[in-house]
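Understanding the architecture of this molecule
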Amino acid sequence: MLSVADRQRVAVVLRMYDRRIVTEREVMGLLRDVANGANTSEIQPLLPDDLARRLTDNLARQPALRGVGYWRPIPKYSYPKDDRFPDPTSLVCPNWCEEERSLITAYLRDGRTYNQWRGISYCRFKCGVLDENMGSRCLTDGEWVWPEGLSHYVECHAVRLPDEFVVSMRRNEWQVPLDAGGANREDHGLPETSFWIAWGQSMRSEAAESDTVADRPRE
């Protein structure tokens, strides 16, 4: 269901569009930040007919890419909607993909720029790495989108990632496709993170179950 905040965002975008503050391409990107396959039918009645048709066509031609590596913020910076995301400290797995770890980190660093943000990220482990080194971009391989600092979590903190993501890296022979630079936020909107959130929840459930089994008294 479309939230009140999302309805307000759509209204702001339409005002900017009416006043010619944003271009036609920019307005579509801003609408894509709100729209997804689940709420498109609720957004369309809020738009002029021409924009509604263009949004439907844009979603069909350029579906949202899958997001991975977006973390729950530490309490100091916390927003309720971000609490859905995984906590990287619960995903530490020193033995995970040991033989391919260097290939994975190199692949993550080689992603093409999907979006440039004004602010910089920070390490959730508070390990002392400079925030500047965590980056201010989202990167992509044309299928997945991830924060620039994700390679740090894998390389320095042995944080594991979904098998599906690693499989796609292998399929690409550990090389980000040359045409990946064609994917960007203006055309595809914010990445779809439902898979990532569900995967993080499943990892948390597995860890809790393992802890419960370990705590059971032996007969």
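The rules behind these values
- Residues numbered from 1 in each chain as written.
- Predicted model: local features only at pLDDT ≥ 70, side-chain atom pairs only at ≥ 80, totals over all residues.
- Heavy atoms only, no water.
- Pairing = 2+ DSSP bridges.
- Helix = DSSP H or I, 4+ residues; strand = E, 2+ residues; numbered from the N terminus.
- Salt bridge = Lys/Arg side-chain N within 4 Å of Asp/Glu carboxyl O.
- Buried < 20%, exposed > 50% of the residue type's maximum accessible area, 1.4 Å probe, protein only.
- Core = buried A, V, L, I, M, F, W, Y, C linked by side-chain atoms within 4.5 Å.
- Contact = heavy atoms within 4.5 Å.
- Axes fitted to C-alpha atoms, helices over the stretch in contact; angles between N-to-C directions.
- Parallel < 35°, antiparallel > 145°, perpendicular 65-115°, else oblique.
- Nonpolar A, V, L, I, M, F, W, Y, C, P; charged D, E, K, R; others polar.
- Phe/Tyr/Trp six-rings, centres within 6.5 Å; stacked < 30°, edge-to-face > 60°.
- Lys NZ or Arg CZ within 6 Å of the ring centre and 35° of its normal.

1. A look at the sheet that holds strand β2 (residues 112-116)
Sheet architecture is open: four strands sit in the order β1-β4-β3-β2, paired in mixed fashion. Each edge of the sheet is formed by a strand with only one pairing partner; in this case those strands are β1 (66-67) and β2.

2. Examining the pattern of salt bridges
Counted under the stated rule, the structure contains twelve salt bridges. One salt bridge connects D33 with R185, and the closest N-O pair in it is separated by 2.4 Å. Residue D33 is located in the loop between α2 (24-32) and α3 (40-43), and its partner R185 is located in helix α8 (residues 185-188); the two are separated by 152 residues in the primary sequence. One exposure class covers both D33 and R185, and it is buried. Put simply, R109 and E155 hold a salt bridge, and the shortest N to O gap is 2.3 Å. Within this pair, whereas R109 is found in helix α5 (residues 101-109), its partner E155 is found in helix α6 (residues 150-157), the two being separated by 46 residues in sequence. Through salt bridges with shared partners, a single network forms among R25, E186 and D187.

3. Let's talk about the nonpolar core
In this structure, I104, L108, W146, L161, F165 and W196 are the most contacted members of the largest nonpolar core, which totals 35 residues. Counting only elements with at least two residues in this core, the list comes to α5, β3 (137-140), β4 (144-147), α6, α7 (163-171) and α9 (194-215). When residues of this core are assigned to their parent elements, the largest contribution, four residues, is made by α9. Residues within four places of W146 in sequence aside, it is in contact with V68, Y70, Y107, L108, G111, R137, C138, L139, T140, D141 and F165. With 17 residues, the next largest nonpolar core counts V10, V34, I43 and L55 among its residues.

4. Description of the packing of α5 against α7
At their nearest, the axes of α5 and α7 sit 11 Å apart, and the two run at 85° to each other. Considered as vectors, α5 and α7 are oriented roughly perpendicular to each other. Touching I104, Y107 and L108 of α5 are F165, V166 and M169, all from α7. When grouped by side-chain class, the residues that make up the contact of α5 with α7 number six nonpolar, no polar and no charged.

5. Some words on the environment of I43
Mapped onto the elements, I43 comes out in helix α3. In this structure I43 comes out as buried when scored by relative accessible area, which is 1%. Once the C-alpha coordinates of I43 and L150 are considered, the two residues, 107 residues apart in sequence, prove to be 33 Å apart. With residues near it in sequence (within four places) discarded, I43 still touches L2, V34, A35 and L55.

6. A look at the packing of aromatic side chains
In total, this model carries eight aromatic pairs according to the counting rule given. Counting every residue linked through ring pairs, the aromatic cluster contains W71, F125, Y153, W196 and W199. Lying across the ring of Y122, R124 places its NZ or CZ 4.2 Å from the centre.

7. Regarding the pairing of β3
Here β2 pairs with β3 via four bridges, running antiparallel. Residue pairing across strands places N115 opposite C138, the latter belonging to β3. Pairing analysis gives three bridges linking β3 to β4, with the strands arranged antiparallel. Bridging across to β4, C138 finds its partner in P147. Joining the antiparallel neighbours β3 and β4 is a turn of three residues, in which G142 adopts a positive phi near 90°.

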